[in-house]
Amino acid sequence: MKERAKSVLLCLLVLCSLILTYQLWFGQRPVETTAESDYEPVYFDETRPLSQMIHPQRIYIYREEKRYQVRRGEPGFDFFWEELSELLQEMAELDYYYDKEGLLDGAALFISMQFEPRLPLGPESIWLKSRRGGQLAGLEIWRWEERYWAKLEEAGGAAPLLLLPPGWAGRLAGLYDRFEPQPEQLCEMLPAGEIMMVRQTAVKISEFVCVPAAISRMKRYSLKKERLDEEALLKTFFINRNLVREIKEKDGGLIYTDGEQGLRLERGLEYSHPQPGQKRGDLSYPAALLKVGKLLGYHGGWPNSLYLENLERQERSGGSTEGLFRAQWRSYLDGFLLLGDNGVEMTYQHGLQSYRRNLYEHSQGSGAGVKVEGYQDALRAAVKSLQGKGEQQLILEGLDLAYYLEGTEAVPVWVVRLSGEVIPLKTDKLVPPEGWKP
């Protein structure tokens, strides 16, 4: 009886051993395979095409010896840019369009625009694909009777002149006729020279400066923080959530980390991955544009009021710039730049290395609006604020209207750029906004 019990027990042990061996070999998937198979890609926005990634920084329309600025977000802005973008895409063989004779006497400037970041050219781009490469810093359209020219301002300094074919001349004539300037779009040109200010301080204008001349009031906006689906956001950064630890900070912030990368959620989000991937060579400028645009749409999305302001190579320790790009996006309200602690910054090096996102959504604007003092008074106040630094001559680099983020309020400001200094001043009191530090 005892021998029989031993035999039954031995059989059970052998059977258990076979079952466990089977489960070990066939019943369970490795952790990596499980995580990979169970992972569902999450993204907030579809990837934008190159045609929607870069917009002109400024568009000026010239009519009856007056200059008007069409700002980002205004209906006419996208209309003008889409037409001229299509023109640059259709121009295949530039040799056919080169005009060596130059502009005719009496030709007048019709449209000018500046690009920052630069517009990529060449076979990897969609604009002027016949070019070997290069970047466009600006574009001008000139007209005389039924003739139209395009003057290309390239980043390297060249400015070729192209005589446009009759078909495009007709389309541009239609643009000219359809443009209905609004009084608040009127700009005043400050000519090159010197302006004497208070206490014998001179302001030099070396290049033309265009300032808004007919805006008397601007709305003050209440904003609210952007709200993103946190669970979906975490899935865009971490493939295997089982490896992620959550750390709660005393100030209410949350930190998520898997030991290699970290994500902090508090005022917006901050992400860091010091070694995102292996070295795989360098990216071209057009490829980098597409890459950072894809990452922005993937990790939170690309709101319509957000524009790419800058994309540049960053220098690493040792002087190398290979594979390292820094991108920056800024928000606009009613066509005016929103300054202060907001926007998106990203560093890419063979993978997302760092990412900071702090955006606000439009809530409501005040009905009466805020008074806008004249630009002369704003310039005088800015010069006075710099007099303590002992500078006797200042160079005026820009003078425009914008918004500044005070808490959750967007207040209108004059932005005066003097000798490398950026000075925001409230449009009604001409004092710096709260939170601004020089």
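The rules behind these values
- Residues numbered from 1 in each chain as written.
- Predicted model: local features only at pLDDT ≥ 70, side-chain atom pairs only at ≥ 80, totals over all residues.
- Heavy atoms only, no water.
- Pairing = 2+ DSSP bridges.
- Helix = DSSP H or I, 4+ residues; strand = E, 2+ residues; numbered from the N terminus.
- Axes fitted to C-alpha atoms, helices over the stretch in contact; angles between N-to-C directions.
- Buried < 20%, exposed > 50% of the residue type's maximum accessible area, 1.4 Å probe, protein only.
- Phe/Tyr/Trp six-rings, centres within 6.5 Å; stacked < 30°, edge-to-face > 60°.
- Lys NZ or Arg CZ within 6 Å of the ring centre and 35° of its normal.
- Salt bridge = Lys/Arg side-chain N within 4 Å of Asp/Glu carboxyl O.
- Core = buried A, V, L, I, M, F, W, Y, C linked by side-chain atoms within 4.5 Å.
- Domains from an automatic or database assignment.
- Contact = heavy atoms within 4.5 Å.
- Expected span 1.5 Å × (residues − 1).
- Arc of directions from axis to C-beta.
- Disulfide = S-S within 2.5 Å.
- pLDDT = per-residue confidence, 0-100.

Draft legend 1. Structural view of the sheet that holds strand E1 (residues 58–63). Across the sheet, which stays open at both edges, the eight strands sit in the order E6-E5-E4-E3-E1-E2-E7-E10 with antiparallel pairing between neighbours. A strand with exactly one partner marks an edge of an open sheet, and here the two such strands are strand E6 (161–163) and strand E10 (209–212). Adjacent strand axes in the sheet meet at a mean angle of 25°, parallel and antiparallel pairs treated alike. Pairing of E1 with strand E2 (residues 66–70) involves five bridges; the strand directions are antiparallel. Its bridge partner being in E2, Tyr60 is matched across the sheet by Gln69.

Draft legend 2. Looking closely at the pairing of strand E16 (residues 268–272). Because side chains alternate across E16, one face comprises the buried residues Leu269 and Tyr271, and the other comprises Gly268, Glu270 and Ser272, none of which is buried. Sheet topology note: the strand E15 (residues 262–266)/E16 ladder contains five bridges and is antiparallel. Across the sheet, residue Gly262 finds its bridge partner in E16, namely Ser272. Relative to strand E21 (residues 352–358), E16 is paired through four bridges, and the arrangement is antiparallel. Bridge pairing in E21 links Ser272 to Ser354.

Draft legend 3. Representation of the packing of aromatic side chains. As enumerated under the stated definition, the model contains 13 aromatic pairs in all. On the numbers, 5.7 Å between centres and 70° between planes, the contact of Tyr221 with Tyr403 is edge-to-face. In this pair, Tyr221 sits in strand E12 (residues 221–225) while Tyr403 sits in strand E24 (residues 393–406), placing the two residues 182 residues apart along the sequence. Take Tyr403: its relative accessible area is 1%, and that puts it in the buried class. A network of ring pairs unites the aromatic residues Tyr68, Phe79, Phe80 and Phe179 as a single cluster. The ring of Tyr60 carries Arg67 above its face, with NZ or CZ at 4.6 Å from the centroid. Seen from the ring of Tyr360, Lys225 lies directly overhead, with NZ or CZ sitting 4.7 Å from the centre.

Draft legend 4. Focus on the pattern of salt bridges. One pass over the structure, following the stated rule, counts 21 salt bridges. Of the charged contacts in the structure, one is a salt bridge between Arg71 and Asp400, with a shortest N-O distance of 2.9 Å. Placement of Arg71 in the loop between E2 and helix H3 (75–90) and of Asp400 in strand E24 is noted, with a sequence separation of 329 residues between them. In this structure, the salt-bridge partner of Asp377 is Arg380, at a minimum N-O distance of 2.9 Å.

Draft legend 5. Quick look at the nonpolar core. In terms of nonpolar packing, the biggest core is built from 68 residues, with Ile141 and Trp329 touching the most fellow members. When we break this core down by domain, the ones giving at least three residues each are domain 1 (50–181) and domain 3 (227–358). Every residue in contact with Ile141, bar those within four places of it in the chain, is listed here: Leu84, Leu87, Ala108, Leu109, Phe110, Ile111, Tyr148, Trp149, Ala150, Leu164 and Leu172. If you look at the next biggest cluster of nonpolar residues, it comprises 34 residues, including Met218, Tyr221, Leu394 and Leu399.

Draft legend 6. View of helix H7 (residues 375–386). A rise of 1.5 Å per residue sets the reference length of H7, with its 12 residues, at 16 Å; its end C-alpha atoms lie 17 Å apart and thus fit the reference within 8%. Along H7, the residues that are buried comprise Tyr375, Ala378, Leu379, Ala382, Val383 and Leu386. In a view along the axis of H7, the buried residues occupy a sector of 135°, so they form one face of it.

Draft legend 7. Representation of the state of the cysteines. Scanning the model with the defined rule gives zero disulfides in all. Counting only cysteine sulfurs, Cys187 is the nearest neighbor of Cys210, a cysteine outside any disulfide, at a range of 3.6 Å. Cys210 gets classed as buried once you look at its relative accessible area, which sits at 11%.

Draft legend 8. Inspection of the confidence of the model for the protein at higher detail. Considering every residue of the protein, the mean pLDDT works out to 85; 85% of them sit at 70 or more. Within the protein, the lowest mean pLDDT, 39, falls on helix H2 (residues 31–38), and the highest, 96, falls on strand E19 (residues 336–339). Throughout residues 24–39 the model reports pLDDT below 50, and contacts reaching past four residues in sequence, or to other chains, amount to 12 contacts.

Draft legend 9. Region of the structure containing the pairing of strand E7 (residues 186–190). As defined by bridge partners, E2 adjoins E7 across two bridges and the pair is classed as antiparallel. Each residue of the ladder has a partner; that of Tyr68, found in E7, is Leu186. Both E7 and E10 contribute to a ladder of four bridges, which runs antiparallel. When the sheet's bridge partners are listed, Cys187 is paired in E10 with Pro212.

Draft legend 10. The arrangement of helix H4 (residues 166–178) in detail. End to end, H4 covers 19 Å across 13 residues, agreeing with the expected 18 Å (1.5 Å per residue, within 8%). Every buried residue of H4 is listed here: Trp168, Ala169, Leu172, Leu175 and Tyr176. Viewed along the axis of H4, the buried residues span an arc of 115°, placing them on a single side of the element. Projecting away from the buried face of H4 at angles above 90 degrees are the exposed residues Pro166, Gly167, Asp177 and Arg178. On its buried face, H4 is in contact with E1, H3, strand E3 (108–120), strand E4 (135–144) and strand E5 (147–154).

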